[in-house]
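Examining the three-dimensional arrangement
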Amino acid sequence: MLRYLAIPVVLIGLLTTACQTSMLKQFSEVKPGMEKDDVLDLMGTPTRTQRYHGKDRWTYVFYDKRIRFEKEVQFFDGSAIYVGDISQPEANRTAVAMDTMNDVKNREIDEQIARDVEKHRRNYEEYEAQSKGEDKVRYVPSFEPVR
């Protein structure tokens, strides 16, 4: 009796696995302009979500024939605007490039501050000399000693 129940269970298992479509094939059906709900119905819940520069970024990580895929869908105002591989920032917008630009700006600011400090120190010394009257040439008469 148990043998007769095992055969239909195995057949049902084989039939259901044969009907599954690959995630890669499903992802190829996602097109720009699709709504979020449509993408959710087709692909399911994303592996990662992120909000960046006003865009929602959904990342799907899946395997197809032992190959790992990371695909991304970007949404703006609820509809897909980008579908494909993980988008990388432009070369001048990477973290390293931004750090380099900020270091250059910080050095320029530090140099400007050093120049301003030196200028203020000189101005203070001039003010101090002026207030003491050291900046004016004074005529001091020469006297002959009285005998």
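Residues numbered from 1 in each chain as written. Predicted model: local features only at pLDDT ≥ 70, side-chain atom pairs only at ≥ 80, totals over all residues. Heavy atoms only, no water.

1. A closer look at a negative patch on the surface
On the surface, a cluster of negative charge is contributed by Glu 35, Asp 37, Asp 38 and Asp 41. Relative to the elements of secondary structure, Asp 37 occurs in helix α3 (residues 36-43). Here Asp 37 falls in the exposed class, since its relative accessible area comes to 55%. (Patch = residues over 30% accessible without salt bridge, like charges linked within 9 Å, V, L, I, M, F, W, Y side chains within 5 Å. Areas by Shrake-Rupley, 256 points an atom, 1.4 Å probe, with all protein chains shown as cover. Salt bridge = Lys/Arg side-chain N within 4 Å of Asp/Glu carboxyl O. Lys, Arg positive; Asp, Glu negative; His and termini not counted. Charge placed at Lys NZ, Arg CZ, Asp CG, Glu CD. Helix = DSSP H or I, 4+ residues; strand = E, 2+ residues; numbered from the N terminus. Buried < 20%, exposed > 50% of the residue type's maximum accessible area, 1.4 Å probe, protein only.)

2. Considering helix α4 (residues 95-132)
Taking 1.5 Å as the rise per residue, α4 with 38 residues should run 56 Å; its terminal C-alpha atoms sit 55 Å apart, in good agreement. Phi turns positive one or two residues past the end of α4, at Gly 133, with a value near 85 degrees. (Expected span 1.5 Å × (residues − 1).)

3. A word on the side chain of Glu 72
With respect to the element layout, Glu 72 can be found in strand β3 (residues 67-76). Of note is the side chain of Glu 72, whose polar atom sits 2.9 Å from the side chain of Gln 74. Once residues within four sequence positions are removed from consideration, Glu 72 is found in contact with Phe 27, Arg 57, Trp 58, Thr 59, Tyr 82, Val 83, Gly 84, Asp 85, Ile 86 and Ser 87. (Polar contact = N/O pair within 3.5 Å; in protein donor to acceptor, adjacent residues only side chain to side chain. Contact = heavy atoms within 4.5 Å.)

4. Some words on the nonpolar core
Counting residues in hydrophobic clusters, the biggest one holds 12 residues: Phe 27, Val 30, Met 34, Val 39, Met 43, Trp 58, Tyr 60, Phe 62, Phe 69, Val 73, Phe 75 and Ala 80. Elements that contribute at least two residues to this core include exactly α3, β2 (55-64) and β3. Setting aside residues no more than four positions away along its own chain, Tyr 60 makes contact with Phe 27, Val 39, Met 43, Gly 44, Thr 45, Pro 46, Thr 47, Phe 69, Glu 70, Lys 71 and Val 73. (Core = buried A, V, L, I, M, F, W, Y, C linked by side-chain atoms within 4.5 Å.)

5. A look at the sheet that holds strand β1 (residues 48-52)
Reading across from one edge, β1-β2-β3-β4 is the order of the 4 strands in this open sheet, with antiparallel pairing throughout. Since the sheet does not close on itself, it has two edges, and those belong to β1 and β4 (79-85), each with one partner. Direction aside, neighbouring strands of the sheet carry axes that sit 25 degrees apart on average. Where β1 lies against β2, 5 bridges are found, and the strand directions are antiparallel. Along β2, the bridge assignment pairs Arg 51 with Asp 56. The strands touched by α3 within the sheet are β2 and β3, with β2 carrying the most contacts at an inclination of about 15 degrees. (Pairing = 2+ DSSP bridges. Axes fitted to C-alpha atoms, helices over the stretch in contact; angles between N-to-C directions.)

6. What about the pattern of salt bridges?
Under the criterion given, the structure shown has 9 salt bridges. When the shortest N-O distance is used, the salt bridge between Glu 118 and Arg 122 registers 3.8 Å. On the criterion of helical spacing, the pair formed by Glu 118 and Arg 122 is a turn pair, its members being 4 residues apart in helix α4. With relative accessibility at 31%, the residue Glu 118 sits in the partly exposed group. Among the residues examined, Arg 122 registers a relative accessible area of 42% and is labelled partly exposed. Connected via shared salt-bridge partners are Glu 118, Arg 121, Arg 122 and Glu 125.

7. Re the confidence of the model for the protein chain
In the predicted model, the protein chain carries a mean pLDDT of 82, and the fraction of residues at 70 or more is 84%. Considering each helix and strand of the protein chain separately, the mean pLDDT is smallest for helix α1 (residues 2-18), with a value of 55, and largest for α4, with 92. (pLDDT = per-residue confidence, 0-100.)

8. Some words on the pairing of β3
As paired strands, β2 and β3 are joined by 9 bridges and run antiparallel to one another. Bridge assignment links Asp 64 to a residue of β3, and that residue is Ile 67. Counting the residues that bridge the hairpin from β2 to β3 gives 2 residues, and of these Lys 65 lies at a positive phi of roughly 55 degrees. In the sheet, β3 pairs with β4 via 6 bridges, with the strands oriented antiparallel. Counted as the bridge partner of Glu 72 is Gly 84 from β4. In textbook terms, the turn of a hairpin is the stretch between consecutive antiparallel strands, and for β3 and β4 this stretch comprises 2 residues, one of which, Asp 77, has a positive phi near 55 degrees.

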